[in-house]
Amino acid sequence: KTKSAWDKNPEEIIKGLKDVYFDTTTSSFIDGQEGKLLYRGYNIHDLAEKSTFEEVVYLLLYGKLPNKQQLEEFDQTMRANRRIPDEVIQVLDLVKGSHPMDALRTGISALAAFDPEVKDNSVEATIRKGVRLTAQGPTIVAAHHRLRQGLEPVAPDPSLNHAGNFLKMLFDEVPDQETTDLLDVDFILHAEHGSNASSFGARVTASTISDLHSAVTTGVGVLKGPAHGGAAEEVMRMALDIGQPENAEDYCRNILDNGGRFMGFGHRVYRAEDPHARHLRERSRILSEKVGQPHWFQILTYVEEEVMVRYRSRGIFVNVDFFAGSIYYLLGIPDDLFISIFALGRIAGWTLQCAEQFEDNILLRPLMEYTGEMDLEYTAIGDRS
Ligand code: ACO
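Attention here is on the structure that accompanies the text. (Residues numbered from 1 in each chain as written. Predicted model: local features only at pLDDT ≥ 70, side-chain atom pairs only at ≥ 80, totals over all residues. Heavy atoms only, no water.)

### Some remarks on the overall build of the protein chain
Now for step 1: Counting its secondary structure elements, the protein chain contains 16 helices and three strands.
Now for step 2: Once the C-alpha set of the protein chain is aligned to its principal axes, its extents read approximately 70 × 55 × 50 Å.
Now for step 3: Burial statistics for the protein chain: of 385 residues in total, 51% are counted as buried.
Now for step 4: In the protein chain, 75% of the contacts between residues at least 6 apart in sequence involve partners at least 24 apart.
Now for step 5: Total accessible area on the protein chain is roughly 18900 Å²; 50% of this is exposed by carbon and sulfur atoms.
Now for step 6: Measuring between centres, the 40 positive side-chain charges of the protein chain sit 2 Å from its 58 negative side-chain charges. (Helix = DSSP H or I, 4+ residues; strand = E, 2+ residues; numbered from the N terminus. Buried < 20%, exposed > 50% of the residue type's maximum accessible area, 1.4 Å probe, protein only. Contact = heavy atoms within 4.5 Å. Areas by Shrake-Rupley, 256 points an atom, 1.4 Å probe, with all protein chains shown as cover. Lys, Arg positive; Asp, Glu negative; His and termini not counted. Charge placed at Lys NZ, Arg CZ, Asp CG, Glu CD.)

As C-alpha coordinates, this is what we get:
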(Lines give C-alpha, C1' and ligand atoms only; values in the text may rest on other atoms or scores of the structure.)
Protein backbone atom coordinates (compact mmCIF):
# COMPACT_ATOMS: atom_id res chain seq x y z
CA LYS A 1 0.00 0.00 0.00
CA THR A 2 1.33 3.46 -0.92
CA LYS A 3 1.69 6.19 1.69
CA SER A 4 0.08 9.63 1.99
CA ALA A 5 2.04 12.88 2.16
CA TRP A 6 1.95 12.63 5.94
CA ASP A 7 3.38 9.14 6.01
CA LYS A 8 0.14 7.82 7.42
CA ASN A 9 -2.26 5.18 6.24
CA PRO A 10 -5.68 6.76 6.53
CA GLU A 11 -7.98 4.64 8.63
CA GLU A 12 -10.98 5.68 6.60
CA ILE A 13 -11.62 7.65 3.42
CA ILE A 14 -14.93 9.48 3.48
CA LYS A 15 -15.71 9.86 -0.22
CA GLY A 16 -17.62 13.04 -0.99
CA LEU A 17 -17.13 14.08 2.68
CA LYS A 18 -20.54 12.46 3.29
CA ASP A 19 -21.81 13.11 6.84
CA VAL A 20 -18.54 14.83 7.86
CA TYR A 21 -18.84 17.83 10.20
CA PHE A 22 -16.06 20.34 9.51
CA ASP A 23 -17.12 23.30 11.69
CA THR A 24 -19.96 24.84 13.71
CA THR A 25 -22.47 27.35 12.34
CA THR A 26 -25.35 29.56 13.44
CA SER A 27 -26.58 29.97 9.85
CA SER A 28 -29.11 27.18 9.37
CA PHE A 29 -30.18 23.93 10.99
CA ILE A 30 -31.15 20.92 8.90
CA ASP A 31 -32.75 17.72 10.18
CA GLY A 32 -32.51 15.43 7.18
CA GLN A 33 -34.55 12.63 8.74
CA GLU A 34 -37.46 14.86 9.66
CA GLY A 35 -37.18 17.23 6.69
CA LYS A 36 -36.78 20.30 8.88
CA LEU A 37 -34.94 23.51 7.97
CA LEU A 38 -34.37 26.57 10.16
CA TYR A 39 -32.67 29.81 9.11
CA ARG A 40 -31.05 31.39 12.20
CA GLY A 41 -33.52 29.38 14.31
CA TYR A 42 -36.68 30.29 12.34
CA ASN A 43 -38.61 27.59 10.52
CA ILE A 44 -38.48 27.93 6.73
CA HIS A 45 -42.25 27.31 6.61
CA ASP A 46 -42.93 30.45 8.69
CA LEU A 47 -40.46 32.48 6.67
CA ALA A 48 -41.90 31.29 3.33
CA GLU A 49 -45.48 32.12 4.34
CA LYS A 50 -45.02 35.24 6.50
CA SER A 51 -41.77 36.97 5.58
CA THR A 52 -40.21 38.80 2.63
CA PHE A 53 -36.87 38.19 0.93
CA GLU A 54 -35.51 41.51 2.20
CA GLU A 55 -36.41 40.53 5.78
CA VAL A 56 -34.82 37.08 5.37
CA VAL A 57 -31.59 38.58 3.99
CA TYR A 58 -31.46 40.86 7.04
CA LEU A 59 -32.11 37.88 9.34
CA LEU A 60 -29.34 35.84 7.71
CA LEU A 61 -26.75 38.61 7.61
CA TYR A 62 -27.42 40.23 11.01
CA GLY A 63 -28.67 37.19 12.94
CA LYS A 64 -32.05 38.54 14.06
CA LEU A 65 -35.34 39.63 12.57
CA PRO A 66 -35.35 43.40 11.93
CA ASN A 67 -37.82 45.77 13.55
CA LYS A 68 -39.86 48.00 11.25
CA GLN A 69 -37.31 50.82 11.08
CA GLN A 70 -34.35 48.47 10.62
CA LEU A 71 -36.15 46.73 7.76
CA GLU A 72 -37.04 50.04 6.08
CA GLU A 73 -33.45 51.25 6.28
CA PHE A 74 -32.10 47.91 5.04
CA ASP A 75 -34.56 47.85 2.17
CA GLN A 76 -33.50 51.39 1.18
CA THR A 77 -29.83 50.33 1.24
CA MET A 78 -30.61 47.34 -1.02
CA ARG A 79 -32.57 49.54 -3.44
CA ALA A 80 -29.79 52.15 -3.51
CA ASN A 81 -27.14 49.56 -4.42
CA ARG A 82 -28.72 47.91 -7.45
CA ARG A 83 -26.85 49.76 -10.18
CA ILE A 84 -23.75 48.17 -11.68
CA PRO A 85 -20.93 50.19 -13.32
CA ASP A 86 -21.09 50.78 -17.09
CA GLU A 87 -17.79 48.92 -17.39
CA VAL A 88 -19.46 45.77 -16.01
CA ILE A 89 -22.30 46.18 -18.54
CA GLN A 90 -19.60 46.37 -21.25
CA VAL A 91 -18.04 43.13 -19.93
CA LEU A 92 -21.48 41.47 -19.99
CA ASP A 93 -21.94 42.66 -23.56
CA LEU A 94 -18.63 41.01 -24.50
CA VAL A 95 -19.77 37.68 -23.03
CA LYS A 96 -23.40 37.94 -24.10
CA GLY A 97 -23.18 34.61 -25.96
CA SER A 98 -22.41 32.73 -22.74
CA HIS A 99 -24.72 30.78 -20.42
CA PRO A 100 -26.40 33.14 -17.89
CA MET A 101 -24.51 31.44 -15.03
CA ASP A 102 -21.20 32.08 -16.80
CA ALA A 103 -22.26 35.70 -17.26
CA LEU A 104 -23.24 36.00 -13.59
CA ARG A 105 -19.90 34.49 -12.53
CA THR A 106 -18.04 36.91 -14.82
CA GLY A 107 -20.18 39.87 -13.71
CA ILE A 108 -19.58 39.26 -10.01
CA SER A 109 -15.90 38.80 -10.65
CA ALA A 110 -15.82 42.10 -12.61
CA LEU A 111 -17.64 43.94 -9.80
CA ALA A 112 -14.62 43.26 -7.57
CA ALA A 113 -12.71 45.86 -9.59
CA PHE A 114 -15.20 48.56 -8.55
CA ASP A 115 -15.99 47.66 -4.94
CA PRO A 116 -14.11 50.02 -2.60
CA GLU A 117 -13.98 47.40 0.16
CA VAL A 118 -12.92 44.43 -1.94
CA LYS A 119 -9.82 43.74 0.16
CA ASP A 120 -11.46 44.23 3.57
CA ASN A 121 -12.30 40.81 5.02
CA SER A 122 -13.64 42.08 8.34
CA VAL A 123 -17.05 40.62 9.14
CA GLU A 124 -18.64 44.08 8.92
CA ALA A 125 -17.21 44.81 5.44
CA THR A 126 -18.07 41.27 4.27
CA ILE A 127 -21.70 41.82 5.26
CA ARG A 128 -21.77 45.23 3.54
CA LYS A 129 -20.32 43.68 0.37
CA GLY A 130 -22.83 40.82 0.60
CA VAL A 131 -25.69 43.34 0.75
CA ARG A 132 -24.29 45.09 -2.33
CA LEU A 133 -23.81 41.81 -4.23
CA THR A 134 -27.32 40.65 -3.30
CA ALA A 135 -28.68 43.95 -4.65
CA GLN A 136 -26.46 43.93 -7.78
CA GLY A 137 -26.88 40.25 -8.73
CA PRO A 138 -30.31 40.65 -10.38
CA THR A 139 -29.02 43.64 -12.38
CA ILE A 140 -26.24 41.45 -13.83
CA VAL A 141 -28.59 38.59 -14.75
CA ALA A 142 -31.23 40.89 -16.25
CA ALA A 143 -28.70 43.05 -18.16
CA HIS A 144 -27.05 39.98 -19.69
CA HIS A 145 -30.43 38.55 -20.68
CA ARG A 146 -31.39 41.82 -22.41
CA LEU A 147 -28.01 42.18 -24.15
CA ARG A 148 -28.12 38.65 -25.55
CA GLN A 149 -31.45 39.48 -27.16
CA GLY A 150 -29.96 42.63 -28.72
CA LEU A 151 -31.91 44.84 -26.28
CA GLU A 152 -30.77 47.65 -23.99
CA PRO A 153 -30.54 46.77 -20.27
CA VAL A 154 -33.40 48.15 -18.18
CA ALA A 155 -32.27 50.36 -15.28
CA PRO A 156 -33.17 49.25 -11.72
CA ASP A 157 -36.47 50.68 -10.46
CA PRO A 158 -36.17 51.87 -6.84
CA SER A 159 -39.96 51.95 -6.46
CA LEU A 160 -40.14 48.14 -6.66
CA ASN A 161 -39.07 45.49 -4.15
CA HIS A 162 -36.20 43.10 -4.87
CA ALA A 163 -38.28 40.47 -6.71
CA GLY A 164 -40.45 42.98 -8.59
CA ASN A 165 -37.44 45.00 -9.72
CA PHE A 166 -35.71 41.88 -11.06
CA LEU A 167 -38.78 40.93 -13.12
CA LYS A 168 -39.10 44.49 -14.43
CA MET A 169 -35.41 44.58 -15.47
CA LEU A 170 -35.84 41.18 -17.17
CA PHE A 171 -39.04 41.88 -19.15
CA ASP A 172 -39.20 45.72 -19.17
CA GLU A 173 -42.65 45.50 -17.63
CA VAL A 174 -43.85 46.02 -14.06
CA PRO A 175 -45.00 42.58 -12.83
CA ASP A 176 -48.31 42.00 -11.04
CA GLN A 177 -48.30 41.47 -7.27
CA GLU A 178 -48.93 37.71 -7.48
CA THR A 179 -45.95 37.13 -9.76
CA THR A 180 -43.74 39.33 -7.59
CA ASP A 181 -44.81 37.40 -4.46
CA LEU A 182 -44.10 34.07 -6.17
CA LEU A 183 -40.54 35.07 -6.97
CA ASP A 184 -40.12 36.59 -3.51
CA VAL A 185 -40.94 33.21 -1.90
CA ASP A 186 -38.65 31.45 -4.34
CA PHE A 187 -35.76 33.75 -3.33
CA ILE A 188 -36.52 33.08 0.37
CA LEU A 189 -36.47 29.31 -0.16
CA HIS A 190 -33.10 29.45 -1.94
CA ALA A 191 -31.36 31.88 0.41
CA GLU A 192 -29.41 29.50 2.67
CA HIS A 193 -28.80 25.80 3.13
CA GLY A 194 -25.90 24.98 5.42
CA SER A 195 -22.79 23.37 3.98
CA ASN A 196 -24.23 22.52 0.56
CA ALA A 197 -21.62 22.16 -2.19
CA SER A 198 -21.63 25.79 -3.37
CA SER A 199 -21.52 27.21 0.17
CA PHE A 200 -18.73 24.81 1.04
CA GLY A 201 -16.90 25.92 -2.12
CA ALA A 202 -17.37 29.56 -1.12
CA ARG A 203 -16.03 28.77 2.37
CA VAL A 204 -12.95 27.04 0.92
CA THR A 205 -12.20 30.22 -1.03
CA ALA A 206 -12.81 32.38 2.05
CA SER A 207 -10.59 30.08 4.13
CA THR A 208 -7.53 31.13 2.14
CA ILE A 209 -8.38 34.70 3.24
CA SER A 210 -9.18 35.56 -0.36
CA ASP A 211 -12.25 37.85 -0.46
CA LEU A 212 -16.04 37.76 -0.74
CA HIS A 213 -16.20 38.50 -4.49
CA SER A 214 -13.89 35.54 -5.17
CA ALA A 215 -15.93 33.33 -2.82
CA VAL A 216 -19.27 34.26 -4.42
CA THR A 217 -17.71 33.67 -7.84
CA THR A 218 -16.75 30.20 -6.60
CA GLY A 219 -20.28 29.66 -5.30
CA VAL A 220 -21.79 30.45 -8.69
CA GLY A 221 -19.38 28.05 -10.41
CA VAL A 222 -20.16 25.21 -8.00
CA LEU A 223 -23.91 25.78 -8.10
CA LYS A 224 -24.01 25.50 -11.89
CA GLY A 225 -23.75 21.71 -12.07
CA PRO A 226 -26.82 19.50 -12.55
CA ALA A 227 -26.06 17.57 -9.34
CA HIS A 228 -26.68 20.86 -7.49
CA GLY A 229 -28.57 23.89 -8.84
CA GLY A 230 -28.82 22.77 -12.45
CA ALA A 231 -31.54 20.22 -11.76
CA ALA A 232 -34.54 22.61 -12.12
CA GLU A 233 -33.67 23.18 -15.77
CA GLU A 234 -33.42 19.42 -16.36
CA VAL A 235 -36.77 18.75 -14.64
CA MET A 236 -38.60 21.16 -16.90
CA ARG A 237 -36.85 19.70 -19.93
CA MET A 238 -38.14 16.28 -18.84
CA ALA A 239 -41.69 17.65 -18.46
CA LEU A 240 -41.47 19.22 -21.93
CA ASP A 241 -40.19 15.93 -23.39
CA ILE A 242 -43.10 14.08 -21.79
CA GLY A 243 -45.49 16.68 -23.19
CA GLN A 244 -48.78 15.21 -21.93
CA PRO A 245 -49.66 13.30 -18.72
CA GLU A 246 -50.56 10.16 -20.69
CA ASN A 247 -46.99 9.92 -22.04
CA ALA A 248 -45.43 10.04 -18.58
CA GLU A 249 -45.61 6.33 -17.81
CA ASP A 250 -43.63 5.17 -20.88
CA TYR A 251 -41.16 8.01 -20.58
CA CYS A 252 -40.43 7.30 -16.92
CA ARG A 253 -40.18 3.54 -17.45
CA ASN A 254 -37.58 4.15 -20.14
CA ILE A 255 -35.45 6.19 -17.68
CA LEU A 256 -35.80 3.62 -14.91
CA ASP A 257 -35.07 0.64 -17.20
CA ASN A 258 -31.86 2.35 -18.30
CA GLY A 259 -30.73 3.03 -14.72
CA GLY A 260 -31.17 6.79 -15.18
CA ARG A 261 -31.66 9.38 -12.45
CA PHE A 262 -34.68 11.53 -12.06
CA MET A 263 -33.67 15.15 -11.75
CA GLY A 264 -35.34 16.92 -8.84
CA PHE A 265 -35.21 13.83 -6.61
CA GLY A 266 -32.73 12.77 -3.96
CA HIS A 267 -30.58 14.81 -1.65
CA ARG A 268 -27.29 14.41 0.18
CA VAL A 269 -28.89 15.38 3.50
CA TYR A 270 -32.66 14.80 3.37
CA ARG A 271 -34.08 11.32 3.83
CA ALA A 272 -37.56 12.87 3.93
CA GLU A 273 -39.20 15.43 1.70
CA ASP A 274 -37.09 18.54 1.23
CA PRO A 275 -39.03 21.18 3.25
CA HIS A 276 -38.74 23.67 0.38
CA ALA A 277 -40.81 21.44 -1.88
CA ARG A 278 -44.24 21.92 -0.31
CA HIS A 279 -44.24 25.69 -0.95
CA LEU A 280 -43.21 25.30 -4.55
CA ARG A 281 -45.55 22.34 -5.21
CA GLU A 282 -48.62 24.29 -4.11
CA ARG A 283 -47.56 27.40 -5.99
CA SER A 284 -46.81 25.39 -9.13
CA ARG A 285 -50.32 23.87 -8.94
CA ILE A 286 -52.02 27.26 -8.53
CA LEU A 287 -49.93 28.94 -11.23
CA SER A 288 -50.37 26.15 -13.80
CA GLU A 289 -54.15 26.41 -13.37
CA LYS A 290 -54.07 30.22 -13.47
CA VAL A 291 -52.23 30.32 -16.80
CA GLY A 292 -54.42 27.55 -18.26
CA GLN A 293 -51.63 24.95 -18.52
CA PRO A 294 -52.53 22.42 -15.79
CA HIS A 295 -50.87 19.55 -17.67
CA TRP A 296 -47.37 20.55 -16.49
CA PHE A 297 -48.40 20.13 -12.88
CA GLN A 298 -50.20 16.88 -13.76
CA ILE A 299 -47.04 15.49 -15.37
CA LEU A 300 -44.91 16.40 -12.34
CA THR A 301 -47.51 14.94 -9.97
CA TYR A 302 -47.53 11.70 -11.96
CA VAL A 303 -43.74 11.42 -11.75
CA GLU A 304 -43.77 12.16 -8.01
CA GLU A 305 -46.73 10.05 -6.97
CA GLU A 306 -46.79 7.17 -9.44
CA VAL A 307 -43.16 6.64 -10.40
CA MET A 308 -40.85 7.97 -7.69
CA VAL A 309 -43.08 6.72 -4.89
CA ARG A 310 -41.18 3.42 -5.03
CA TYR A 311 -37.94 5.23 -4.09
CA ARG A 312 -39.31 6.71 -0.86
CA SER A 313 -38.38 3.67 1.21
CA ARG A 314 -34.75 4.39 0.17
CA GLY A 315 -35.04 7.98 1.39
CA ILE A 316 -35.29 9.49 -2.08
CA PHE A 317 -37.90 12.24 -2.12
CA VAL A 318 -38.60 15.30 -4.19
CA ASN A 319 -36.12 18.19 -3.71
CA VAL A 320 -36.32 21.98 -4.10
CA ASP A 321 -35.62 21.84 -7.83
CA PHE A 322 -38.51 19.60 -8.81
CA PHE A 323 -41.28 22.21 -8.80
CA ALA A 324 -39.10 25.33 -9.12
CA GLY A 325 -38.54 24.77 -12.85
CA SER A 326 -42.25 24.60 -13.63
CA ILE A 327 -42.86 27.89 -11.81
CA TYR A 328 -40.13 29.69 -13.74
CA TYR A 329 -41.37 28.19 -17.00
CA LEU A 330 -44.95 29.27 -16.36
CA LEU A 331 -43.71 32.78 -15.55
CA GLY A 332 -42.16 32.90 -19.02
CA ILE A 333 -38.58 32.72 -17.76
CA PRO A 334 -36.24 30.95 -20.24
CA ASP A 335 -34.91 27.62 -18.91
CA ASP A 336 -31.24 28.63 -18.99
CA LEU A 337 -32.04 31.38 -16.45
CA PHE A 338 -33.39 28.97 -13.81
CA ILE A 339 -30.10 28.36 -11.98
CA SER A 340 -29.24 32.06 -12.01
CA ILE A 341 -32.43 32.74 -10.05
CA PHE A 342 -31.35 30.13 -7.49
CA ALA A 343 -27.94 31.85 -7.31
CA LEU A 344 -29.51 35.29 -6.76
CA GLY A 345 -31.29 33.98 -3.67
CA ARG A 346 -28.19 32.16 -2.42
CA ILE A 347 -25.79 35.16 -2.47
CA ALA A 348 -27.07 35.97 1.05
CA GLY A 349 -26.26 32.45 2.29
CA TRP A 350 -22.80 32.47 0.69
CA THR A 351 -22.09 35.81 2.35
CA LEU A 352 -23.15 34.54 5.75
CA GLN A 353 -21.04 31.40 5.37
CA CYS A 354 -18.00 33.47 4.37
CA ALA A 355 -18.50 35.91 7.26
CA GLU A 356 -18.51 32.92 9.64
CA GLN A 357 -15.40 31.55 7.98
CA PHE A 358 -13.54 34.88 8.22
CA GLU A 359 -14.60 35.33 11.85
CA ASP A 360 -12.97 32.10 13.04
CA ASN A 361 -10.83 31.05 10.12
CA ILE A 362 -8.94 27.85 9.52
CA LEU A 363 -7.64 26.88 6.09
CA LEU A 364 -9.92 24.20 4.63
CA ARG A 365 -7.46 21.71 3.28
CA PRO A 366 -8.28 17.97 3.54
CA LEU A 367 -6.08 15.07 2.44
CA MET A 368 -6.28 12.41 -0.23
CA GLU A 369 -4.65 9.04 -0.04
CA TYR A 370 -2.14 8.67 -2.88
CA THR A 371 -2.73 5.47 -4.87
CA GLY A 372 -0.44 6.14 -7.84
CA GLU A 373 3.02 4.79 -8.65
CA MET A 374 6.09 5.66 -6.58
CA ASP A 375 9.71 6.66 -7.28
CA LEU A 376 9.65 6.17 -11.04
CA GLU A 377 12.89 6.75 -12.90
CA TYR A 378 12.89 9.96 -14.99
CA THR A 379 13.90 9.34 -18.61
CA ALA A 380 15.02 12.00 -21.09
CA ILE A 381 12.36 12.84 -23.71
CA GLY A 382 14.40 11.30 -26.54
CA ASP A 383 14.56 7.97 -24.70
CA ARG A 384 10.80 7.57 -24.21
CA SER A 385 8.83 5.15 -26.38
N1 ACO B 1 -33.01 9.16 -9.18
C2 ACO B 1 -32.78 7.84 -9.05
N3 ACO B 1 -31.92 7.32 -8.12
C4 ACO B 1 -31.32 8.17 -7.29
C5 ACO B 1 -31.54 9.57 -7.36
C6 ACO B 1 -32.42 10.06 -8.36
N7 ACO B 1 -32.64 11.36 -8.49
N8 ACO B 1 -30.79 10.17 -6.40
C9 ACO B 1 -30.12 9.21 -5.75
N10 ACO B 1 -30.45 8.01 -6.29
C11 ACO B 1 -29.92 6.70 -5.86
C12 ACO B 1 -28.56 6.47 -6.47
O13 ACO B 1 -28.65 5.81 -7.70
C14 ACO B 1 -27.88 5.64 -5.40
O15 ACO B 1 -28.34 4.32 -5.54
P16 ACO B 1 -27.35 3.09 -5.24
O17 ACO B 1 -27.03 3.21 -3.77
O18 ACO B 1 -28.18 1.90 -5.60
O19 ACO B 1 -26.16 3.30 -6.12
C20 ACO B 1 -28.46 6.19 -4.10
O21 ACO B 1 -29.71 6.78 -4.45
C22 ACO B 1 -27.58 7.22 -3.43
O23 ACO B 1 -27.22 8.19 -4.41
P24 ACO B 1 -25.90 9.05 -4.34
O25 ACO B 1 -25.64 9.73 -5.65
O26 ACO B 1 -24.78 8.22 -3.76
O27 ACO B 1 -26.31 10.10 -3.25
P28 ACO B 1 -25.68 11.52 -3.09
O29 ACO B 1 -26.00 11.96 -1.72
O30 ACO B 1 -24.24 11.51 -3.47
O31 ACO B 1 -26.44 12.35 -4.21
C32 ACO B 1 -27.71 13.91 -5.39
C33 ACO B 1 -27.30 13.39 -4.00
C34 ACO B 1 -26.47 14.24 -6.22
C35 ACO B 1 -28.53 15.18 -5.19
C36 ACO B 1 -28.54 12.82 -6.10
O37 ACO B 1 -29.70 12.52 -5.33
C38 ACO B 1 -28.95 13.24 -7.52
O39 ACO B 1 -28.16 13.05 -8.46
N40 ACO B 1 -30.19 13.78 -7.71
C41 ACO B 1 -30.62 14.25 -8.99
C42 ACO B 1 -30.08 15.67 -9.25
C43 ACO B 1 -30.79 16.70 -8.42
O44 ACO B 1 -32.02 16.73 -8.31
N45 ACO B 1 -29.99 17.61 -7.84
C46 ACO B 1 -30.49 18.70 -7.01
C47 ACO B 1 -30.22 18.42 -5.56
S48 ACO B 1 -30.94 19.66 -4.53
C49 ACO B 1 -29.86 20.94 -4.66
O50 ACO B 1 -28.71 20.80 -4.82
C51 ACO B 1 -30.43 22.26 -4.56
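### Some details on the site of the ligand
Now for step 1: Taken together, 20 residues surround the ligand, and among them Arg261, Phe262, Gly264, Phe265 and Arg268 come closest.
Now for step 2: For the ligand, a nitrogen atom lies 2.7 Å from a polar atom in the backbone of Phe262.
Now for step 3: Separating a nitrogen atom of the ligand from a backbone N or O atom of Phe265 is a distance of 2.8 Å.
Now for step 4: In isolation the ligand offers 920 Å² of accessible surface; the protein chains occlude 71% of this area.
Now for step 5: Of the residues contributing to the shell around the ligand, the split by class is 10 nonpolar, five polar and five charged. (Near = heavy atom within 4 Å. Polar contact = N/O pair within 3.5 Å; in protein donor to acceptor, adjacent residues only side chain to side chain. Nonpolar A, V, L, I, M, F, W, Y, C, P; charged D, E, K, R; others polar.)

### Looking at the packing of aromatic side chains
Now for step 1: Taken as a whole and judged by the stated rule, the model has 11 aromatic pairs.
Now for step 2: An angle of 45 degrees between the planes, with centres 4.6 Å apart, marks the rings of Tyr58 and Tyr62 as tilted. Remark: Tyr62 and Tyr58 occur in helix H2 (residues 53-62); sequence separation between them is four residues, near one turn of the helix.
Now for step 3: On the basis of relative accessibility, which here comes to 40%, the residue Tyr62 falls in the partly exposed class.
Now for step 4: Between Tyr62 and Phe74, the ring centres sit 6.0 Å apart and the planes meet at 85 degrees, which makes this aromatic pair edge-to-face. Here Tyr62 is found in helix H2, whereas its partner Phe74 is found in helix H3 (residues 68-80), with 12 residues between them in sequence. (Phe/Tyr/Trp six-rings, centres within 6.5 Å; stacked < 30°, edge-to-face > 60°.)

### Comments concerning unusual backbone geometry
Now for step 1: Unusually for a residue other than glycine, Leu17 sits at a positive phi of about 50 degrees.
Now for step 2: With respect to the helices and strands, Leu17 occurs in the segment before strand E1 (28-31).
Now for step 3: By relative accessible area, which is 41% here, Leu17 ends up partly exposed.
Now for step 4: Phi at Asp172 is positive, roughly 55 degrees, even though this residue is not glycine.
Now for step 5: For Asp172, the position within the fold is in the loop between helix H7 (162-171) and helix H8 (177-190).
Now for step 6: A relative accessible area of 46% places Asp172 in the partly exposed class.

### Examining the sheet that holds strand E2 (residues 36-39)
Now for step 1: With antiparallel pairing, the three strands of this open sheet are ordered in space as E1-E2-E3. Edge positions in the sheet fall to E1 and strand E3 (42-43), since each of these pairs with one other strand and no more.
Now for step 2: Pairing analysis gives two bridges linking E2 to E3, with the strands arranged antiparallel. Within the sheet, the bridge partner assigned to Tyr39 lies in E3 and is Tyr42. (Pairing = 2+ DSSP bridges.)

### Concerning the pairing of E1
Now for step 1: The sheet contact formed by E1 and E2 spans four bridges and is antiparallel. Across the sheet, residue Asp31 finds its bridge partner in E2, namely Lys36.
Now for step 2: Between E1 and E2, which pair antiparallel and follow one another directly, the connecting turn spans four residues, one of which, Gly35, has a positive phi of 75 degrees.

### Remarks on the pattern of salt bridges
Now for step 1: Under the criterion given, the structure shown has 23 salt bridges.
Now for step 2: The salt bridge partner of Asp46 is Lys50, with a shortest N-O separation of 3.3 Å. Of the two residues, Asp46 and Lys50 both sit in helix H1 (residues 44-50), four residues apart, roughly one turn of that helix.
Now for step 3: On the accessibility criterion, Asp46 (39% relative accessible area) is partly exposed.
Now for step 4: Residue class for Lys50 comes out exposed when judged on its relative accessible area of 68%.
Now for step 5: In this structure, Arg285 and Glu282 form a salt bridge, with 2.7 Å as the shortest nitrogen-oxygen distance. (Salt bridge = Lys/Arg side-chain N within 4 Å of Asp/Glu carboxyl O.)

### Let's talk about a positive patch on the surface
Now for step 1: Together, Lys18, Arg261, Arg268 and Arg271 make up a positively charged patch on the protein surface.
Now for step 2: Mapped onto the elements of the fold, Arg271 is located in the loop between helix H12 (248-257) and helix H13 (277-290). (Patch = residues over 30% accessible without salt bridge, like charges linked within 9 Å, V, L, I, M, F, W, Y side chains within 5 Å.)

### Remarks on the nonpolar core
Burial of nonpolar side chains together is a common tendency in soluble globular proteins.
Now for step 1: Formed by 101 residues in total, the largest nonpolar core has its most connected members in Tyr39, Leu104, Phe166, Phe262, Val303 and Phe322.
Now for step 2: For this core, the element with the most residues is helix H16 (residues 338-359), which contributes 13 residues.
Now for step 3: In contact with Leu104, not counting residues within four places along its chain, are Gly137, Ile140, Val141, Val220, Ser340, Ala343 and Leu344. (Core = buried A, V, L, I, M, F, W, Y, C linked by side-chain atoms within 4.5 Å.)

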